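Understanding the architecture of this molecule
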Amino acid sequence: MSSTTAGRAPIVPAPDPNRSTVIAVLGAGRSGTSAITRGLAALGVDLGDKLRRPGGKNPTGFFEDNDILAISKQLKRALGIRGHSVRLLDDAEFETPRLKAIQARAIDTLGKRFDAVPLWGYKYSRTLRTMPFWAAVHEALDLDVRYLIALRNPLSVARSRSKINPQRGRQVWSDMEWLVNVVPYFHRTAGRPRAVVDFDRLMADPEGQLARVARDLGLTLGPARQAGVDEYANRFLQKDKPASRFTRDDLFADPRVNRWTAEGYALLDEVAADDLTLDSPAFTRRWADIEAAVDDLGPLLAEFDHMRAATVRARWNPVSPVEEMRQIWRDLKAK
């Protein structure tokens, strides 16, 4: 596809040599964010020297910085959310004194570690869900910010998640997590260089997809990087072959799939296929409809979190789990 094709983004300038450039990897959990982050290292992006050890659900590596991971866990506790939480967050929640204190520590920690690093990156699956926090950190550090969005078919996301947690791997629940982790603050990435990479396409054509990332993020992909790209494509990814692959048609044909999850994925997948750009009027208009639909789901998502918490309390209440369940039933009947 030529550079003049409507689906292509304009040429992106190289990172500013007078500023530290950061590439934040965004995306829902189980979307290949770890594998895609490892691809950044092949392109010469510094991921730091404090990476979380491989193991458990990611035996080939998480590629998460331990300092950023610690900050993110503090942030989740302060917001009162967990990995399975699906309530929408309000901007005001990021303005509390407790959040500002965590933010100040993040600015201090990342400034000391990466201020002199010309090109670095980080990944945490809920960065986009908590974007107001991270955007303020980026601004305070005067970073040249670029975003890499990891994408994977929601059917595959649910199947992958079900191997770790069968309950969260149920399609309906997994789709809700996808929505709240991708849609609400996606608009805050606008105005920055952005690349969207589909996990299945990455596995099928690593070299081609890394070339797309370099193109859309203004990175250099020359002979000096070729050895790293070859090692990534021919050795690293061979250890992480997915067991399932689904199409857009499969997604829309499955009655369990949330309509807006399917619409959001399909729209981003058009970008990943170079059929559309994130800055095009068509994308902006269609994404606004999805964002409005998710916002309308806010009360339902909050209620889902509330009822799940009540069920957990009933399950572990040593005094009277039966009475807890009766109260849940009374609450349901009263609504």
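What you are looking at is a predicted structure, and each value in this text was computed from that prediction instead of being measured.

**Some thoughts on the overall build of the chain**
Looking only at helices and strands, one finds 14 helices and four strands in the chain. Residues counted as buried form 50% of the 335 residues belonging to the chain. Within the chain, counting contacts between residues at least 6 apart in sequence, those at least 24 apart form 75% of the total. Counting every atom, the chain has about 15,900 Å² of accessible surface; 52% of that belongs to carbon and sulfur.

**Some remarks on the side chain of arginine 168**
For arginine 168, the position within the fold is in the loop between α5 (154-162) and α6 (171-182). Only 2.8 Å separates the side chain of arginine 168 from the side chain of glutamate 177, close enough to count as a polar contact. If near-sequence neighbours (up to four positions away) are discounted, arginine 168 is found in contact with Gly83, His84, Arg161, Trp173, Ser174 and Glu177.

**Overview of the nonpolar core**
Among the nonpolar cores identified, the biggest contains 52 residues, and Trp120, Phe133, Trp178, Leu268, Phe283 and Trp287 are the most heavily contacted of them. Among the elements that take part in this core, helix α11 (residues 259-272) stands out by supplying six residues, more than any other. Beyond its immediate stretch of four places on either side in the chain, phenylalanine 283 contacts Phe186, Leu267, Leu268, Val271, Leu276, Thr277 and Leu278. In terms of nonpolar packing, the next biggest core, distinct from the first, is built from 27 residues, Leu43, Met203, Val229 and Phe236 among them.

**Here we look at the packing of aromatic side chains**
Scanning the model with the defined rule gives eleven aromatic pairs in all. Geometrically, the ring pair formed by tyrosine 232 and phenylalanine 236 is stacked, given 5.8 Å between the ring centres and 15 degrees between the ring planes. With tyrosine 232 and phenylalanine 236 both in helix α9 (residues 223-236) and four residues apart, this pair spans about one turn of that helix. Overall, tyrosine 232 belongs to the buried group, its relative accessible area being 0%. Both rings, one in phenylalanine 283 and one in tryptophan 287, keep their centres 5.5 Å apart while their planes meet at 10 degrees; by these two values the pair is stacked. In this pair, phenylalanine 283 and tryptophan 287 are both assigned in helix α12 (residues 281-296), four residues apart and thus about one turn of the helix distant. Grouped by ring-pair contacts, the aromatic residues Phe114, Trp120, Tyr122, Phe133 and Trp134 constitute a single cluster. The ring of phenylalanine 236 is capped by arginine 38, whose NZ or CZ atom sits 5.3 Å from the centre of that ring. The ring centre of tryptophan 260 lies 4.1 Å from the NZ or CZ of arginine 259, which sits over that ring.

**Structural notes on the sheet that holds strand β1 (residues 21-26)**
The strand order across the open sheet built from four strands is β2-β1-β3-β4, with neighbouring strands paired in parallel fashion. Strands with a single pairing partner mark the edges of an open sheet, and in this sheet they are β2 (119-123) and β4 (194-198). On average, each strand axis in the sheet is tilted by 20 degrees relative to the strand beside it, whichever way the strands run. Here β1 runs beside strand β3 (residues 144-151); their pairing, made up of six bridges, is parallel. Across the sheet, the residue bridging to alanine 24 is tyrosine 147, located in β3. Its contacts with the sheet put helix α4 (residues 131-140) on β1, β2 and β3, and the angle it makes with β3 is roughly 150 degrees.

**So, the packing of helix α2 (residues 66-79) against helix α3 (residues 97-114)**
At a minimum axis distance of 10 Å, the contact between α2 and α3 shows a crossing angle of 175 degrees. Comparing the axis directions of α2 and α3 gives the class roughly antiparallel. Residues Asp67, Ile68, Ile71, Gln74, Leu75, Arg77, Ala78 and Leu79 of α2 form the contact with α3, whose participating residues are Arg98, Leu99, Ile102, Arg105, Ala106, Thr109, Leu110 and Arg113. Of the residues in the contact of α2 with α3, the class split is nine nonpolar, two polar and five charged.

**A closer look at the pattern of salt bridges**
For the coordinates displayed, the defined rule picks out 24 salt bridges. For lysine 123, the salt bridge identified is with glutamate 64, shortest N-O distance 3.2 Å. Taken as a pair, lysine 123 in strand β2 and glutamate 64 in the loop between α1 (33-42) and α2 lie far apart in primary sequence, 59 residues in all. For the pair lysine 123 and glutamate 64, a shared accessibility class is recorded, and that class is buried. Between glutamate 93 and arginine 87 there is a salt bridge, with the nearest N and O atoms lying 2.8 Å from each other. A relative accessible area of 22% places glutamate 93 in the partly exposed class. One connected set of salt bridges, linked through shared partners, spans Asp49, Lys50, Asp65, Asp67 and Arg113.

**A short note on the packing of α1 against α9**
Running from N to C, α1 and α9 point in directions that differ by 155 degrees, and their axes come no closer than 8 Å. In this view, α1 runs roughly antiparallel relative to α9, as classed from their interaxial angle. Residues Ala35, Ile36, Arg38, Gly39 and Ala42 of α1 touch α9, and the partners they reach there are Arg225, Gly228, Val229, Glu231, Tyr232 and Phe236.

What counts and what doesn't
- Residues numbered from 1 in each chain as written.
- Predicted model: local features only at pLDDT ≥ 70, side-chain atom pairs only at ≥ 80, totals over all residues.
- Heavy atoms only, no water.
- Helix = DSSP H or I, 4+ residues; strand = E, 2+ residues; numbered from the N terminus.
- Buried < 20%, exposed > 50% of the residue type's maximum accessible area, 1.4 Å probe, protein only.
- Contact = heavy atoms within 4.5 Å.
- Areas by Shrake-Rupley, 256 points an atom, 1.4 Å probe, with all protein chains shown as cover.
- Polar contact = N/O pair within 3.5 Å; in protein donor to acceptor, adjacent residues only side chain to side chain.
- Core = buried A, V, L, I, M, F, W, Y, C linked by side-chain atoms within 4.5 Å.
- Phe/Tyr/Trp six-rings, centres within 6.5 Å; stacked < 30°, edge-to-face > 60°.
- Lys NZ or Arg CZ within 6 Å of the ring centre and 35° of its normal.
- Pairing = 2+ DSSP bridges.
- Axes fitted to C-alpha atoms, helices over the stretch in contact; angles between N-to-C directions.
- Parallel < 35°, antiparallel > 145°, perpendicular 65-115°, else oblique.
- Nonpolar A, V, L, I, M, F, W, Y, C, P; charged D, E, K, R; others polar.
- Salt bridge = Lys/Arg side-chain N within 4 Å of Asp/Glu carboxyl O.

By themselves, these are just geometric observations and shouldn't be taken as functional.
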